[in-house]
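# Summary of the model geometry
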Amino acid sequence: MPVADFKTFCAILERARAGRFALAAVNVTSMTTANAVLRGLAESKADGIIQISTGGGAFASGSAIKDMALGAASIAEHVHRVADRYPIYVALHTDHCLKDKLEKFVIPLLELTEKRRAAGQPNLFTGHMFDGSNLSLGENLETAGKLLARFAKNDLLLEIETGAVGGEEDGVVGAHNANLYTTPQDTLEVARRLNPIGGRYLLAATFGNVHGVYKPGHVKLQPKVLKECQDAVVKQYGESARFHLVFHGGSGSTQEEIHESLDYGVVKMNVDTDMQYAFTRPIAAHMFKNYDGVLKVDAEVGNKKAYDPRTYLAMAEGSMADRVKQAVSDLRGNGQTMFAS
Ligand SMILES: [Zn+2]
C-alpha cells in the first residue's frame, strides 16, 4: 500500500485505541532497516510506523554530508517507492527533535511536504515529533502550539512529550527522578493549550520510562499514571479530549506493563534499542564464525561470499524483521491491518 494518508492514519489510530492495541514505531537509519520494518509488518499483517531520528537522518545522508533532514527525506522517498509492494499501511514519522534542532530537521521536512502538496503530491511524512520535555511546560506547549497550527494546515500529526524520560536518546541524557512521571495537571494543561488549535497530536506522557539500555528492575514503570491523566482530561473536557498516547523508552519492559499501557490509550510504541541489537546480533555471529573468510588472514584472500555486505546485511534484515514481528505481537497488533486486499 502507499504510505498511509492523514485520514487513513487517524482512522488506524482510532481503531487501535478502541481495540486496545498499538502500532510499533521502529527507528530506521538506512534502506535495509526500513525494508526490515516493512517485511516484519507485512508478515504480521499489521500497520505500523517507520521513524527517523535526527542522528538517523544525519547518518542516512552520508558521513561526508551529515544533513539530518536530507537523510530523513531520502529514506522517506525510498519508503514511498517500495511501500505499495506490501499489503499493509505504513506511516512515516520523525522521532525526538529538540527545540534547537527544529530549524535543521522538522521545518525543512515540513517545507518539503508543503511543496509536495502544492504540486498535488502526497505528504512526504505523516507526522513529526517535537521533544520539548527538557523545557518548562509553558515553553514546551508554546512551541508545540505554533507547530500544531502549521501542521493542521498540512494534514500532519504532531507528537509531543511531557515529563522527562530518563536514559539516553541520540546523546541527550536524562536523569532518573520524580520528573519521570507526568502529572494529570500537566496533561490538563496540554489539552487546554493545544485542543483549541485543531489538528491532531499524539502525547508521550512519561510514566517512568527510560530511553536506551537498562537491565530489568532498574526502571519503575507506573502505567497507572496514564490512566490518571486520561481520567482527568475526560472529566474536564469530555470524551473527545481523550489522548492518543505514545510509549517511549520501552525497551526491556514486561509484557504486563506494555499491555496495561495499551488499556489506557497507548496507540504508538517506539522501539529502537531492541531493534539495533536484533540487527547487529547475526552480523556478530557471522563475523565470529567466519573470521578467516571476512578477514584476509595470514596472507590468504578471505572469502568474497563471506565479506560481501549483502551476505550479513540480509541476515540482519531478517533478524530485525523477526523482532518487528515480536513487537507487533507484544502490542496485540497481529492481523490488525486496515488494508483490505
Ligand atoms: Zn521520548
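Each remark here, short or long, concerns the structure printed above.
Throughout, residues of each chain are indexed from 1 in the direction in which the sequence is written. Totals for whole chains, interfaces and linings use all residues, but because this is a predicted model, local features are given only for residues with pLDDT of at least 70 and pairs of side-chain atoms are given and counted only at 80 or more. Heavy atoms throughout the structure, all of them, feed into the side-chain values; hydrogens and water do not.

### Topic: the nonpolar core
Note that soluble globular proteins tend to have their nonpolar side chains buried in a common cluster. Formally: Here, nonpolar core means buried Ala, Val, Leu, Ile, Met, Phe, Trp, Tyr and Cys residues that are tied together by side-chain atoms lying within 4.5 Å of each other. Accessibility here uses a 1.4 Å probe with only protein chains present; expressed as a share of the type maximum, an area under 20% marks a residue as buried, one over 50% as exposed, and anything in between as partly exposed. In this text, helices come from DSSP runs of H or I with a minimum length of four residues, and strands from runs of E with a minimum of two, each type numbered from the N-terminal end. Every residue pair with non-hydrogen atoms within 4.5 Å of one another is taken to be in contact.
Formed by 77 residues in total, the largest nonpolar core has its most connected members in Ile-50, Val-79 and Leu-158. Here this core gets seven residues from one element, more than from any other, and that element is helix 4 (residues 68-82). Ignoring sequence-local partners within four residues, the contact set of Val-79 consists of Val-3, Ala-34, Ile-50, Val-90 and Leu-92.

### Brief notes about the pairing of strand 11 (residues 266-271)
Definition in use: Only when DSSP finds a minimum of two bridges between them are two strands counted as paired.
Most of strand 11 is tucked away, with six of its six residues classed as buried. Across four bridges, strand 1 (residues 23-27) lies against strand 11 in parallel orientation. Residue pairing in the sheet places Val-26 in a bridge with Val-271 of strand 11. Inspection of the sheet shows strand 10 (residues 245-247) paired to strand 11 by three bridges, in the parallel sense. Looking at the pairing, Leu-245 lines up with Val-266 of strand 11.

### So, the coordination of the zinc ion
Formally: Distances decide who is a donor: an N, O or S atom must be within 2.8 Å of the metal, or within 3.2 Å for Na, K and Ca. Water is not included, so sites may look incomplete. Here the metal geometry follows the donor angles, with tetrahedral for four donors whose angles all fall between 85 and 135 degrees, square planar for four and octahedral for six when opposite donors are more than 155 degrees apart and every other angle is between 65 and 115, and irregular for all the rest.
Distances from the zinc ion to its protein donors, His-96 (NE2), Glu-161 (OE), Glu-161 (OE) and His-248 (ND1), fall at 2.0 to 2.8 Å. Around the zinc ion, the four donor atoms sit at angles spanning 51 to 133 degrees, and that spread fits a shape best called irregular. All donors of the zinc ion come from a single chain, and their spacing in sequence reads H-x64-E-x86-H. Taken together, the residues His-96 in the loop between strand 3 (90-94) and helix 5 (106-118) and Glu-161 in strand 5 (residues 157-162) connect sequence positions 65 residues apart. For the residue pair His-96 and Glu-161, the accessibility class agrees, reading buried in each case.

### Focus: helix 7 (residues 184-194)
To keep it simple, the criterion reads: The arc in question is formed by the directions pointing from the helix axis toward the C-beta atoms.
Of all the positions in helix 7, only Thr-187, Val-190, Ala-191 and Leu-194 are classed as buried. The buried residues of helix 7 all sit within an arc of 90 degrees when viewed along its axis, so they share a single face. Its buried side turned inward, helix 7 meets helix 6 (137-153), strand 5, strand 8 (200-205) and helix 8 (224-237).

### Digging into the environment of Ala-340
Turning to its location among the elements, Ala-340 is positioned in the segment after helix 13 (309-330). Sequence separation between Ala-340 and Arg-117 is 223 residues; the distance between their C-alpha atoms is 26 Å.

### Observations regarding the packing of helix 2 (residues 31-44) against helix 13
Rules: Geometry is summarised by axes, namely lines fitted to C-alpha atoms with helices restricted to the contacting stretch, and by angles between N-to-C directions that run from 0 to 180 degrees. Each angle gets one of four labels, with under 35 degrees taken as roughly parallel, over 145 as roughly antiparallel, 65 to 115 as roughly perpendicular, and the rest as oblique. Crossings are assigned a handedness: left-handed for a near helix turned anticlockwise from the far helix by less than a right angle, right-handed for a clockwise turn. Residues are grouped as follows: Ala, Val, Leu, Ile, Met, Phe, Trp, Tyr, Cys and Pro are nonpolar; Asp, Glu, Lys and Arg are charged; all remaining types, including Gly, are polar.
One way to put it is that helix 2 packs onto helix 13 with a least axis distance of 7 Å and a crossing angle of 45 degrees. Judged by the inter-axis angle, helix 2 sits oblique to helix 13. Where helix 2 crosses over helix 13, the two elements pack in a sense that is right-handed. Contacts from Thr-32, Thr-33, Asn-35, Ala-36, Val-37, Arg-39, Gly-40, Leu-41, Glu-43 and Ser-44 of helix 2 reach helix 13 at Leu-313, Glu-317, Gly-318, Met-320, Ala-321, Val-324, Lys-325 and Val-328. Here the residues of the contact of helix 2 with helix 13 are counted per class, giving eight nonpolar, six polar and four charged.

### Focus: helix 1 (residues 6-19)
To keep it simple, the criterion reads: Multiplying 1.5 Å by the helix residue count minus one yields the expected span of that helix.
Across its 14 residues, helix 1 extends 20 Å between first and last C-alpha, which sits within 8% of the 20 Å expected from 1.5 Å per residue. Restricting attention to buried positions, one finds in helix 1 the residues Phe-9, Cys-10, Ile-12, Leu-13, Ala-16 and Arg-17. The buried side chains of helix 1 occupy one side of the element, clustering within an arc of 155 degrees when seen end-on. Opposite the buried face of helix 1, at more than 90 degrees from it, the exposed residues are Lys-7 and Ala-18. For helix 1, the secondary structure elements touched by its buried residues are strand 1, strand 2 (48-52), strand 3, strand 5, strand 8 and strand 11.

### Looking at empty space enclosed by the protein
Where we set the bar: A pocket, in this scheme, is an open set of points on a 1 Å grid over the protein atoms alone with protein on both sides within 12 Å along at least 5 of 7 lines, while a cavity is a set where a 1.4 Å probe fits but cannot get out; residues line either one if an atom lies within 4 Å of a point. Grid points are joined across faces, edges and corners, and a volume is the space filled by probe spheres set on the points.
If you walk through the whole model with that rule in mind, you get one cavity of 30 Å³ or more. Counted as a void, the largest cavity has a volume near 50 Å³. Together, Phe-21, Ala-22, Leu-23, Ala-24, Ala-46, Asp-47, Val-328, Gly-333 and Gln-336 line the largest cavity. For the lining of the largest cavity, the residue count by class is six nonpolar, two polar and one charged.

### Considering the pattern of salt bridges
Put simply, the test is: In what follows, salt bridge is the name for a side-chain nitrogen of Lys or Arg lying within 4 Å of a carboxyl oxygen of Asp or Glu.
Using the criterion set out here, one finds 20 salt bridges in the structure. Two residues, Arg-200 and Glu-14, come together in a salt bridge whose shortest N-O distance is 2.9 Å. Of the two residues, Arg-200 is situated in strand 8 and Glu-14 in helix 1; the sequence distance between them amounts to 186 residues. Across the salt bridge formed by Glu-43 and Arg-39, the nearest N and O atoms sit 3.2 Å from each other. In this pair, Glu-43 and Arg-39 are both assigned in helix 2, four residues apart and thus about one turn of the helix distant. A relative accessible area of 41% places Glu-43 in the partly exposed class. We classify Arg-39 as partly exposed; its relative accessible area is 31%. One salt-bridge network, held together by shared partners, links Glu-142, Lys-146, Glu-189, Arg-192 and Arg-193.

### Brief notes about the environment of Pro-108
Summarising the element assignment, Pro-108 is placed in helix 5. Residue Pro-108 is classed as partly exposed on the basis of its relative accessible area of 23%. For the pair Pro-108 and Asp-131, spaced 23 residues apart in sequence, the C-alpha separation works out to 17 Å. Sequence-distant contacts of Pro-108, that is, excluding residues within four places in its chain, are made with Ala-69, Leu-102 and Glu-103.

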